[in-house]
Amino acid sequence: MDIESWGRQNPIKKESWRTVLALAYQSLGVVYGDLSTSPLYVYKSTFAEDIQHSESNDEIFGVLSFVFWTLTLIPLLKYVFIVLRADDNGEGGTFALYSLLCRYARVSTLPNGQLADEDLYEYKNDRNLSADRIGMSLKSTLEKHRFLKKILLILALIGTCMVIGDGVLTPAISVFSAVSGLELSMAKHHHQYVEVPVACVILVFLFFLQHYGTHRLGFLFAPIVITWLLCISAIGLYNIIHWNPHVYQALSPYYMYKFLKKTQRGGWMSLGGILLCITGSEAMFADLGHFSQLSIKIAFTFVVYPSLILAYMGQAAYLSKHHAIASDYHIGFYVSVPEKLRYPVLAIAILAAVVGSQAIITGTFSIIKQCSALGCFPRVKIVHTSSKIHGQIYIPEINWTLMVLCLAVTIGFRDTKHISNASGLAVITVMLVTTCFMSLVIVLCWHKNVLLALCFIFFFGSIEALYFSASLIKFLEGAWVPIVLSFIFLAVMYSWHYGTLKKYEFDVENKIPINWLLTLSPNLGITRVRGIGLIHTELVTGIPAIFSHFITNLPAFHQVLVFLCIKSVPVPHVRPEERFLVGRIGPKEYHIYRCIARYGYRDIHMDDVEFEKDLVCSIAEFIRSEGRGQSFEAVEDIDANERLTVIGTTSTHIDGIRMCEDNGELTHVDTKDTEMIEISSPEVPRKRVRFLVPESPQMDLRVREELQELMEAREAGMAFIIGHCYVRAKRGSSLIKKLVINIGYDFLRRNCRGPTYALSFPQASTLEVGMIYHV
């Protein structure tokens, strides 16, 4: 199905529309849970302190006008009609925009990119589009100046940190606001002793459920949110008809002017509460990879947007006719609910708040996975909770950290006023970062006129800057929380990225030239033992210093050596047929290969068994292709003595080499009945390995012998050699560098998890080689 390419010559089939509507239905439960629960706390937060509800209703109508136009301009106009189009091959979010810029303008700070990466299917851009002179000048400026690259990276990290902060604050304010409905049925001073414990119990239960995965509870999410939206729409429509049918007049922008003119500084400060009406808008873009553009647009435009407008208009209509209420809670959501429906609505609100919190927590997991894949966050344990939807993951360390911080915020503040101030600042900061990145995407990726980008950033940036200033002014009243959280996470992320960058630069500067290898004899001057030695390295060229360090202290190595690099590229997914880059180091008789396994930032790494099989089969396929003199699909000259070839995984080899182990089962079943030649060992070891090669008259004796050598090495087993590097700052380094490298990065390296592919190998087959890097 290709809904996005619909046109007059390609009408959408009935089944396609059914699929789109099904996705739109599902998106209601995953994407819009947070946004749909905002009526619970917007009016209460807005009137908490800065402005008062007067008899003239100017404040109520002014707030309604602000809410209406904010919802119309930011979520509807900006996100639905513009930002959603800036997807990274179907993926969205802050890092999706950053990865787009990294590809189009080469602004990545990690220098492990290769020309071969630009031939990836998802890396290619439309060559027919050409930027104007100013756009080309901007691209050249960004690529030349390292300082500007760091600014873009820091912006992406700030946006990410604020998303993490939102993952702490959104569950707290959503659940606490839903539970606050109990205050209407209790004495004035008693409800606070009940609300906080109940909210904490719900939050603990919410985070405890995360390890089950979204897919197990997903079928309940959409009905809950739909029920909630129908509920607030019906109540809003009832209040409009029953209390004030003329409330629609307040949608005029004139009431915003009237509101600011009357309230002045107090009205400006109250914008921090109005801002909460768009909480969760970023989720439409961040969760784009789970759905499609059209499904998200349909769900928001025809269901969520009108429901929210009716809900806010209904509250304003009720409040406009109720001024003198002997209670401190007369601005809240529940007071506008008919008394007989309050408890059912309370139950639905709590369920909707849990659903909304679930969405932002899952989004936090996803963005941390992206950061980790691109070298901007320490490695953490990532559990894929669904075999069908790759975006549904669970990160235990982050989950429990969010829970502790969320409980601390709830218990520490004990009211929605301070939590809303904190949440508002986190939300608007992420939107500002998205606006900045989008202006660059318009010029560099879409190749539009610079004036269009300037109009975009000035129009939406000015609106968001106004809300940002109103939120920042409440720094001492709760807004300090996301700033402190962001500073902590930013320090962690930048320290890890800086240490990773310095370590990679040290590897590049101290790598061994291939000429050093060529001066040795075929046995490298040491004993070659049976088996395959996988040497993990982050280098894509040359020989790592760890290799010479190893053979200097232990003069023995395996009969087949493979320098293995697991590399993340700035695309969401790498197709299986483009997974491996395989090349040869030195002459054939050395039996030394380089293999670069490329993964996108949303790809799932294979388990150890499948990875080993694909790795060996890809090397065998490279040997056969090289012997047949085939023209390579993509070749890159890296060194005078080294070339790399694109080789797919086993499942993508058409009439390719297949491997049998032990019980004779094939790693790949071909539908074609091709005649195969079996290459087997003259001896029968404990674990028998056979290569089944399609019969070909072009296979010469040397290719057959090299395949047999590889097969015998596979039978003997595989050993995984990984470097254990201790990074230290050089003498004479600045104090900041010493703190970052010797304390920050060293602490993170010692306490983070090892590479996933390294942990999957048996410990008995893993060898760590220690080295000290002075960077």
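All of these numbers come straight from a predicted model, not from anything done at the bench.

Quick word on the overall build of the protein
Here comes step 1: The helix and strand inventory of the protein stands at 25 helices and 14 strands.
Here comes step 2: Out of the 775 residues in the protein, the part that is buried amounts to 58%.
Here comes step 3: Put simply, 82% of the contacts in the protein that link residues at least 6 apart link residues at least 24 apart.
Here comes step 4: In the form shown here, the protein has an accessible surface area of approximately 32,700 Å², with 60% of it arising from carbon and sulfur atoms.

Points about the environment of I483
Here comes step 1: Mapped onto the elements of the fold, I483 is located in helix 19 (residues 480-509).
Here comes step 2: The class of I483 is partly exposed, set by a relative accessible area of 28%.
Here comes step 3: Beyond its immediate chain neighbours, meaning those up to four positions away, I483 contacts L425, L472 and F475.

Some points on the packing of aromatic side chains
Here comes step 1: Counting across every chain of the model gives 19 aromatic pairs.
Here comes step 2: Their ring planes at 75° and their centres at 6.0 Å tell us that Y254 and Y255 sit as a pair that is edge-to-face.
Here comes step 3: The exposure class of Y255 is buried, given its relative accessible area of 18%.
Here comes step 4: Put simply, the rings of F61, Y254, Y255 and Y257 pair up and form one aromatic cluster.
Here comes step 5: Its end group placed over the ring of W446, R85 keeps NZ or CZ at 4.8 Å from the ring centre.

Quick notes on the nonpolar core
Here comes step 1: The biggest cluster of nonpolar side chains holds 168 residues, and the ones touching the most others in it are Y32, Y43, L64, L71, F300, Y312 and M438.
Here comes step 2: In this structure, F300 is in contact with Y32, L35, P75, L76, V80, M284, Y305 and P306, ignoring residues within four places of it in sequence.
Here comes step 3: Counting residues in each nonpolar core, the second largest holds 31 residues, with F506, F563, Y590 and V775 among its members.

Quick look at the environment of L748
Here comes step 1: Mapping L748 onto the fold places it in helix 24 (residues 735-751).
Here comes step 2: A sequence separation of 255 residues divides L748 from M493, and the C-alpha atoms of the two residues are 9.8 Å apart.
Here comes step 3: With near-sequence residues (within four places) excluded, L748 lies in contact with P378, V492, S495 and W496.

So, the environment of V168
Here comes step 1: You can see V168 is positioned in helix 7 (residues 146-179).
Here comes step 2: For the pair V168 and S357, spaced 189 residues apart in sequence, the C-alpha to C-alpha distance is 9.3 Å.
Here comes step 3: Contacts of V168, omitting those with residues within four sequence positions, involve L402, L405, C406, V409 and L485.

Details of the state of the cysteines
Here comes step 1: Throughout the structure, instances matching the rule amount to zero disulfides.
Here comes step 2: Free cysteine: C102, not disulfide-bonded; nearest cysteine sulfur from C376 at 8.6 Å.
Here comes step 3: Take C102: its relative accessible area is 7%, and that puts it in the buried class.
Here comes step 4: Free of any disulfide, C595 has its nearest neighbouring cysteine sulfur in C565, separated by 9.2 Å.
Here comes step 5: With a relative accessible area of 0%, C595 lands in the buried category.

Focus: the packing of helix 5 (residues 94-105) against helix 7
Working note: a packed helix pair is described by the angle between its axes plus the distance between those axes.
Here comes step 1: Contact geometry of helix 5 with helix 7 gives a least axis separation of 9 Å together with a crossing angle of 165°. By the angle between their axes, helix 5 is roughly antiparallel relative to helix 7. Both helix 5 and helix 7 take part in a crossing whose hand is left-handed. Listed contacts from helix 7 to T94, F95 and Y98 of helix 5 are L152, L153, A156, L157 and T160.
Here comes step 2: Looking at side-chain class alone, the contact of helix 5 with helix 7 contains six nonpolar, two polar and no charged residues.

Focus on the packing of helix 7 against helix 16 (residues 396-413)
Here comes step 1: Taken N-terminus to C-terminus, the directions of helix 7 and helix 16 make an angle of 50°; their axes are 9 Å apart at the nearest point. The orientation of helix 7 relative to helix 16 falls into the category oblique. In terms of crossing hand, the pair formed by helix 7 and helix 16 is right-handed. Judged by residue contacts, I164, G167, V168, L169, P171, A172 and F176 of helix 7 engage L402, L405, C406, V409 and T410 from helix 16.
Here comes step 2: Tallied by class, the residues present in the contact of helix 7 with helix 16 amount to ten nonpolar, two polar and no charged.

Thresholds applied
- Think of each chain on its own: its residues are numbered from 1, step by step along the sequence as written.
- Per-residue local features are limited, in this predicted model, to residues with pLDDT of at least 70; the limit for side-chain atom pairs, both in listing and counting, is 80 or more; totals at the level of whole chains, interfaces and linings are taken over all residues.
- Note that the side-chain values use all heavy atoms of the structure and ignore hydrogens as well as water.
- Secondary structure elements follow DSSP: runs of H or I of four or more residues count as helices, runs of E of two or more count as strands, with numbering from the N terminus.
- When a residue's accessible area, from a 1.4 Å probe over protein chains only, is under 20% of the maximum for its type it is buried; when over 50% it is exposed; and in between it is partly exposed.
- Should any heavy atoms of two residues lie within 4.5 Å, those residues are counted as being in contact.
- For the area figures, the Shrake-Rupley method with a 1.4 Å probe applies, and any residue is considered shielded solely by the protein chains shown.
- Two rings from Phe, Tyr or Trp (for Trp, the six-membered ring) form a pair when their centres are within 6.5 Å of each other. A pair whose planes differ by under 30 degrees is stacked, one over 60 is edge-to-face, and the rest are tilted.
- Look at NZ for Lys and CZ for Arg. If either is within 6 Å of the ring centre and within 35 degrees of the ring normal, a charge sits over the ring.
- Residue types Ala, Val, Leu, Ile, Met, Phe, Trp, Tyr and Cys, when buried and joined through side-chain atoms within 4.5 Å, form a set referred to as a nonpolar core.
- Criterion for a disulfide: a pair of cysteine sulfur atoms at a distance within 2.5 Å.
- Only the contacting stretch of a helix is used when fitting its axis, a line to C-alpha atoms as for every element, and angles between N-to-C directions run 0 to 180 degrees.
- Here roughly perpendicular refers to angles of 65 to 115 degrees, roughly parallel to angles under 35, roughly antiparallel to angles over 145, and oblique to all remaining angles.
- Should the near helix be turned anticlockwise from the far one by less than a right angle, the crossing is left-handed, and should it be turned clockwise, the crossing is right-handed.
- Polar here means any residue other than Ala, Val, Leu, Ile, Met, Phe, Trp, Tyr, Cys and Pro, which are nonpolar, and Asp, Glu, Lys and Arg, which are charged; Gly is therefore polar.

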